[in-house]
Amino acid sequence: MRRGKTWVVFLILFLVIVSLFYLYPSIKYYSLSDEEKDELKSEDPQELVNLEKKAIKLGLDLKGGMHVVLQVDKSKLSPAESKDAVDRALEIIRNRVDQFGVTEPVIQKQGKDRLIVELPGLEDVDRAQDLIGKTAQLEFKLLPSPEVTTELIVQIDKLLSGKTEKETPEEEIKEKKEEKKEKPEKKVEDIFATDVDTTEDIFEETYEEEEEFFSERQFSSLLEPSRSFFFYVPMEYKLKVDQILDKPGVKKIIPSDLEFAWATKTEWLRGIEYQKLYLLKKKVEFSGKYLTDAEPRYDQFRKPEVNFKLTKRGGRKFALLTGANIKKPLAITLDGRVESAPIIQSKIRDQGVITMGTGSTYENARDLSIVLRAGALPAPVKIIENRVIGPSLGKDSIRKGIMSALIGFSIVLIFMFIYYRLSGLIADFALFFNLFFVIAAMAALRATLTMPGIAGLILIIGMSVDANVLIFERIREELRTGKTVRASIDAGYRRALLTIVDSHVTTLITALVLFQFGTGPIKGFAVSLSLGVVISLFTAVVITKSIFDIRKQYKSLSI
Amino acid sequence: MMQILPKTNIDFVGRRKYGFTISAVLIVFGILAFVMIFLGRANLGIDFAGGTMIQGNFEKPIKVGEIRKALKEIGYGDAEIKELKRERPNSFLIRVKASVEEITTVGENILAKLKSTFPDNPFHKDSMDEVGPVVGKILQRQARLAVILAFVGILIYIWIRFDFRFGVAATVTTFHDVLVVLGLMFIFQKEITLLVVTALLTLAGYSLTDTVVVFDRIRENLRLFRKKGDFPSIINASINEVLSRTVITSTTTLLVVLTLFILGGEVIHDFAFALILGIIVGTYSSVFVASPIIVEWEKKSPKRFK
C-alpha cells in the first residue's frame, strides 16, 4: 500500500514546483511597489513587460479602466460598403488606441456589428471616449447670414409663445424684428473683423431682461447673444434648448438647408459653464477625406491648433471654397459638432490650420490629430454600453475580496479542525493546496481575475471541503459498524467517491455554461469555480488519502 | 468525536406535508417573479433594463433628498439613490433606468448637475455603468440562453445518472430551488442583475449536488434492504444518514458566503445574498422536497427500485 503511493508524493511535489514556476511572476510583479516598478522600467523595461505578461491579469473591475461596446451604424451604407465596415472600423479604432498609448487594450468584434473596446487602467475617460467614439467625420460648413439667424430665432420665439404669424398683426412682427435686430445688426459689422473670442459686456443686458420677456422670448431668453455669429448657452439651459429644437413645430420652421449645431466643448466664463450654439448651412462644402496629414502645434499666441495637409485635388477644391468666402466664418465640424469657426483670412490651398475651440489644450489638438490621421470611421459608431471603473474602486474591491477570502478560509479551517480533529487538519491541508493550485492554474492559463472570480474562489473554499466531509462522515459510519480503522478509511474513500464525482459534475455543468455565456467578470467567476471544483477532486481525495496512507495501521483515528 | 448532530432519526417523510405547503407558497412567489420579469415589470438591473448607474462619494455629508432634488430639476426625479454604508463615507449609488439611445448623455448630465448644484461638495465618481437598450436586450437573451442550457445540461446529466423517477424528482427540486430563490429576491425587492442570474445558475448546481448526495444514499440503501423495511422508512433512514454531511457542508459554504456578504462590498452584495438564500433553500429542498416526491410517487404506483 505504502510503496504504491510514492508516485502520489512525487506527483504532488511536481505539481507544487510547476505551480510555483507559474506563480513566481505574479508574486514578484504584485509585490513590487510603484517606485520599484518605475525603477525597473528605467533599468530593464523588457523585464517589466515580461513580468506583467506572465502575472495573473486583473480584470477591469479590479484594475480600473473602461469597457465600451460600440455599435457600427451600417444603415446608411451601400451593401458593398457595409460588407467590411465593421472590420475597417475595428482597424481604425485600433490605430487610434495604439497612438493614444494604452497598455494591453482589447479590441474585438462582437456579433455582426458590434465592437468591444477595453482600455485597462485608463483614468481619463472622457478623452478615451472622444477618441474611440468619434466617427471623426471632419466637415467644413458655411454659416447663413446673421439676418437669417436672427429671423429664425424670432420665429421660434413666436411659435413658442403661441402666436403664429397669422394671428399676429404684421406690424407687430416688424416691430419685434426691429427690436431684436438691433443688437445682432451691430454684430454683423464686428463678426468678420474679429475672431471668435468675444465675451465682454454681453451678459449684463441679459440679466436685466424683464420677466414679461420670458413668455414671449422663450427661446432667445435661453441664449446669451454674443456679438459674434454664435450664442452662448448656459449649461443649465442646454437640455431645454435641445427640447425646444426637437419640437416638431420648431423643426418645421427651421429652413431645410440650415441646422443648429453645438460646439464640441463647453467653456467657463465668469464662473458659468457655457456651450456655444451655432446655426450652420447644412451643405458640406469640404470634408476630411482629402486630408493627408495632421499635426498638433502652437500658434504664435501659444494656442493649440492642428495643422493639416491636403491632397492636390483637395487643395484645389479648398482654394476655391476659401477664395470665394474671404472674411466669412467657416465652421469646422467634427461629427456634427462645431470645433471652431474661424474667419477665412485668405485663400487656402493645400495646407491649412484648424483653430481649436476656446479652452482647448494641446492634448485636445493632439487627440484631434490622431483621429484625423487614423481616418474617419466608415460609418458612425454609437456607444451602446460603457462601463467605467475608477482605480480606487478596484483597489477597494481587491482589499475586500482578499479580506473576505482570508476570513472565510480561516473560518473553514478552524471549523474543520474543531469538528474532525487531526483528520480535519488533513482536509485543511488539502484545502490549502486546492487554493494554491487553482491560483497557479489561473496564472498558467492566463486567466483574468475579476471580483466575481474572487467570489468564486471564496465559494470553492466552502464547497470543496464537501468531498472531505462526505469521506469523513462515511469513515465515521464505517467505524460505528465496528470495522477496523484501516478498513473504515478505505471503505469511506471507496464508497464516497461516486457521490463526490457526482456532486462535482453538477457544479461543473453550470460553471461551463456560465463560462460560455458570461461577460468578462462572470467568466472570471466561471473559471475560478470550475478550476476549483476539478482541482479539489485531486486535493480532497488523492492528497488526503495519501496522507492517511502514510501509516499502514491505525490503533485509533482522530476524526 | 464531535458531532453537531448525534445520530438522528427524524421522520422527514412523515412531515413532508409541511414541506410541500411551504414550498407551494414560495413557488407561487417564484412564478410571480418569473411572470413579472417576462412582463418587464420586475426590478431588472440596468444590465437587462438599460440605464445608467453611477457610484461615487461626496467629500462632505449630504442627504439623499438633496441629491434627489437636484436630479429632479433635470428630469431624473425617478432616479434611485442609495447611500452605500459599507463603502467609504458619503458614498452613493445613483441609478437611472432610462432606455435612451444616447446613453452617455445621462451620466454626463447627472455629473454636470451635481457639480453645479453642490460646488463646494465635489462628487468623485468611482464607477459608471451605462447600458443601452440594445445591450440590455442582448444580455437578456444571453441570460435566458444560459439558463436554458444549464438546465438542459443538468437534465442530460440526471438522465444518464438516474432512472426516470429520481431524474424527475431531481429536476423538479432544482427548478423549485431556483424559482423559490427568485421569488425571495422579488419579495426582498432585490434587483435582477447579471450577477444574480449567475448566482441562480450556481445554486442550481449546488442544490442538485445536495439532492444527488441524498439520492445516492437512498439508492444504496434500497439495494441493501431490497426485501426488508418499508419504503418510507428506508428513505427516512437515508436522509438521516447523510443529514450531518448536508448540514456540515451547508454550514461551511454558508460561512464563506456570509463573509462575502458582509465584507465583499457593494459589487457582489446581492450576488452573495442570492447564494445565501440558495444554500438554505437547496439544503431544505434536498430533505423536504426531493425525497418526499419519491415517496409520494412510490405510494401512488409502487415500483420498488432495484
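For the structure itself, consult the block above.
Residues numbered from 1 in each chain as written. Chains lettered and ligands numbered in written order. Predicted model: local features only at pLDDT ≥ 70, side-chain atom pairs only at ≥ 80, totals over all residues.

A. Local environment of the overall build of chain B. Secondary structure summary: chain B contains nine helices and four strands in total. For chain B, the α and β elements follow one another from N to C terminus as α-α-β-α-β-β-α-β-α-α-α-α-α. For chain B, the spread of C-alpha atoms along the three principal axes comes to 80 × 45 × 30 Å. Within chain B, the proportion of its 306 residues that are buried is 48%. The long-range share in chain B, meaning contacts at least 24 apart out of those at least 6 apart in sequence, stands at 79%. (Helix = DSSP H or I, 4+ residues; strand = E, 2+ residues; numbered from the N terminus. Buried ≥ 20, exposed ≤ 12 C-beta atoms within 10 Å, placed from the backbone. Contact = placed C-beta atoms within 7 Å.)

B. Quick peek at the overall build of chain A. From N to C terminus, chain A includes 19 helices and 17 strands. Within chain A, the proportion of its 559 residues that are buried is 40%. Long-range contacts, defined here as pairs at least 24 residues apart, represent 73% of the contacts in chain A between residues at least 6 apart.

C. A look at the interface of chain A and chain B. Counting from both sides, the interface comprises 60 residues of chain A and, opposite them, 56 residues of chain B. Residue assignment for the side of chain A that touches chain B shows that the elements contributing at least two residues are strand E2 (65-72), helix H12 (235-246), strand E16 (381-389), helix H16 (391-444), helix H17 (451-480), helix H18 (485-517) and helix H19 (520-548) of chain A. It is H16(A) that contributes the most residues to the side of chain A that touches chain B, 15 residues altogether.

D. The arrangement of the nonpolar core in detail. Counting residues in hydrophobic clusters, the biggest one holds 218 residues, and the most contacted among them are A:Ala89, A:Met442, B:Val181, B:Leu200 and B:Ala274. The element contributing the most residues to this core is H16(A), with 20 residues. Filtering out sequence-adjacent residues up to four positions away, B:Val181 remains in contact with B:Leu200, B:Leu203, B:Ala274, B:Leu277, B:Gly278 and B:Val281. (Core = buried A, V, L, I, M, F, W, Y, C linked by C-beta atoms within 7 Å.)

E. Region of interest: the sheet that holds strand E2 (residues 80-83) of chain B. What the eight strands build is an open sheet, ordered E3(A)-E4(A)-E2(A)-E16(A)-E4(B)-E1(B)-E3(B)-E2(B); its pairing is antiparallel. At either end of the open sheet lies a strand with only one pairing partner, and these are strand E3 (106-110) of chain A together with E2 of chain B. For this sheet the average axis-to-axis angle between neighbouring strands, irrespective of direction, equals 20°. The sheet contact formed by E2(A) and strand E4 (residues 114-120) of chain A spans seven bridges and is antiparallel. (Pairing = 2+ DSSP bridges. Axes fitted to C-alpha atoms, helices over the stretch in contact; angles between N-to-C directions.)

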